[in-house]
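Chains, contacts and geometry: an overview
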Amino acid sequence: MTSPLVVFTTDFGLSDPYAGVIKGVALSINPDLRLIDLTHQISPQNVAQGSFLLGLNHRYFPEDAIHVAVVDPGVGTDRRPVLLSTPRGRFVAPDNGLLTGVISGYLESEPKVAGLVDLPAGLTAVHLTNPAYWRHPVSHTFHGRDIFTPVAAHLSLGVAVEDLGEPIDSLFYLPMAKPTNHAGTITGQVIYQDTYGNLVTNIPAETLPPADSIEVRIKGWSIVGLSRTFNDDTYANDSGLIALTASHGYLEVALANGSAADLLSAGEGEVVQVGSISG
């Protein structure tokens, strides 16, 4: 029988040994594991960004995949290590809001403020309290190596969920910043800068004006019209900046064959406004 896929999502980066070490730990427990990285390039300590990317992308993996998600600025504190089980995979992570993007699609309504939220029907979770499935000694600063990854590896070997800890009925929820709409002007922000320098916003495609009448404003620059592809310059402004909705379903600002982030000196948190030139 093929071992489940273990998928890593962290802010460890690739220049340090941390991402390699957790894979070594996983394979030491289950040498037959199949390992894949979603990304290790979450901005350091950016739980909201990790939640956004994990929430968008976990659905592209097999339903029996085990996700190890570690963006954990509170490592070593009293935040809980947890295992969340869903119809679209199992997730081993700190209970700090990192799993918000995963559970949000199951909620009837999204909480407005950060805090504990009751798990909706179809989802279960446990607080990982059984040290028998951890690596010892446990570091106060590297639970990705000593708790989350070992638990995932043991889970892949068939260890029962109930053996890993105590059932819980709520998880910490960290609402994503939402765009506002005032008098026809949508105000959002850049939530993610990808490796190409594209600036992904938190403004969903379905809220945008028609493609030929949209105006996107960022850092004093204006882009009128919505492009279809990264090389569609129909609506490019004088500097080559374009606005489009890419595969993730959110508005982004890009520069064909270049970096919009570099051109604009813009990054995460930058304000983006959208209006309609017909209105």
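For clarity, every value in this text was computed on a predicted model and none was experimentally measured.

1. Considering the overall build of the protein chain
Regarding its fold elements, the protein chain presents five helices and 17 strands. Scaling as 2.2 N^0.38, a compact globule of 279 residues should have a C-alpha radius of gyration of about 19 Å, and the protein chain matches this with 20 Å. Dimensions of the protein chain, computed from the C-alpha atoms along their principal axes, are close to 65 × 40 × 35 Å. Here the protein chain, with 279 residues, has 50% of them falling under the buried criterion. Pairs at least 24 residues apart make up 67% of the contacts formed inside the protein chain by residues separated by at least 6 positions. Split by element, the accessible area of the protein chain, about 13,000 Å² in all, is 51% carbon and sulfur. Positive and negative side-chain charges of the protein chain, numbering 14 and 28 respectively, have mean locations separated by a distance of 2 Å.

2. Digging into the sheet that holds strand β3 (residues 66–70)
Note: strands within a sheet are paired through backbone hydrogen bonds, in either parallel or antiparallel orientation. Spatial strand order, β2-β1-β3-β5-β4-β7-β8: seven strands in an open sheet with mixed pairing. If you trace the sheet from one side to the other, it starts and ends with β2 (34–39) and β8 (166–168), each paired once. Adjacent strand axes in the sheet meet at a mean angle of 25°, parallel and antiparallel pairs treated alike. Judged from the three bridges that link them, strand β7 (residues 124–127) and β8 form a sheet pairing that is antiparallel. Residue pairing across strands places Ala125 opposite Ile168, the latter belonging to β8. Lying on the sheet, helix α2 (residues 47–57) is in contact with β1 (5–10), β2, β3 and β5 (89–94); it crosses β2 at an angle near 125°. On top of the sheet, helix α4 (residues 143–156) reaches β1, β3, β4 (81–86) and β5; it is set at about 175° to β3, its chief contact.

3. Details of α4
Taking 1.5 Å of rise per residue, 14 residues should cover 20 Å, and α4 covers 18 Å from first to last C-alpha, within 8% of that figure. Where α4 bends most, the angle comes to about 30°, and this point is Thr149, followed within four residues by the proline Pro150. Gly158 sits one or two residues past α4 and shows a positive phi near 100°.

4. A closer look at helix α1 (residues 18–29)
Given a rise of 1.5 Å per residue, 12 residues ought to cover 16 Å, and the 17 Å separating the end C-alpha atoms of α1 matches this to within 8%. Every buried residue belonging to α1 is among Ala19, Ile22, Val25 and Ala26, and all of these are buried. Down the axis of α1, the buried side of the element spans an arc of 125°, and every buried residue falls inside it. Buried-residue contacts for α1 involve β1, β2 and α4.

5. Looking at the nonpolar core
Ranked by size, the top nonpolar core spans 28 residues in total, and within it Phe52, Leu84, Leu99 and Leu171 carry the most contacts. At five residues, α2 tops the list of elements feeding residues into this core. Dropping the residues within four chain positions of it, Leu84 is found in contact with Gly89, Arg90, Phe91, Leu99, Val102, Ile103, Leu119, Leu123, Thr124, Ala125 and Leu171. Within the second largest apolar cluster, 23 residues are counted, among which are Val6, Val70, Ile147 and Phe148.

6. A closer look at unusual backbone geometry
The amide bond that connects His136 to the next residue, Pro137, takes the cis arrangement and shows omega of 0°. Locating Pro137 in the fold gives a position in the loop between β7 and α4. Positive phi outside glycine occurs at Lys219, with the angle close to 50°. Within the element layout of this structure, Lys219 appears in the loop between β13 (214–218) and β14 (221–224). Look at Lys219 and you get partly exposed, because its relative accessible area is 40%.

Basis of the calculations
- Residues numbered from 1 in each chain as written.
- Predicted model: local features only at pLDDT ≥ 70, side-chain atom pairs only at ≥ 80, totals over all residues.
- Heavy atoms only, no water.
- Helix = DSSP H or I, 4+ residues; strand = E, 2+ residues; numbered from the N terminus.
- Rg over C-alpha atoms; globule rule 2.2 N^0.38 Å.
- Buried < 20%, exposed > 50% of the residue type's maximum accessible area, 1.4 Å probe, protein only.
- Contact = heavy atoms within 4.5 Å.
- Areas by Shrake-Rupley, 256 points an atom, 1.4 Å probe, with all protein chains shown as cover.
- Lys, Arg positive; Asp, Glu negative; His and termini not counted.
- Charge placed at Lys NZ, Arg CZ, Asp CG, Glu CD.
- Pairing = 2+ DSSP bridges.
- Axes fitted to C-alpha atoms, helices over the stretch in contact; angles between N-to-C directions.
- Expected span 1.5 Å × (residues − 1).
- Bend = angle between axes of the 7 residues up to and from the residue.
- Arc of directions from axis to C-beta.
- Core = buried A, V, L, I, M, F, W, Y, C linked by side-chain atoms within 4.5 Å.

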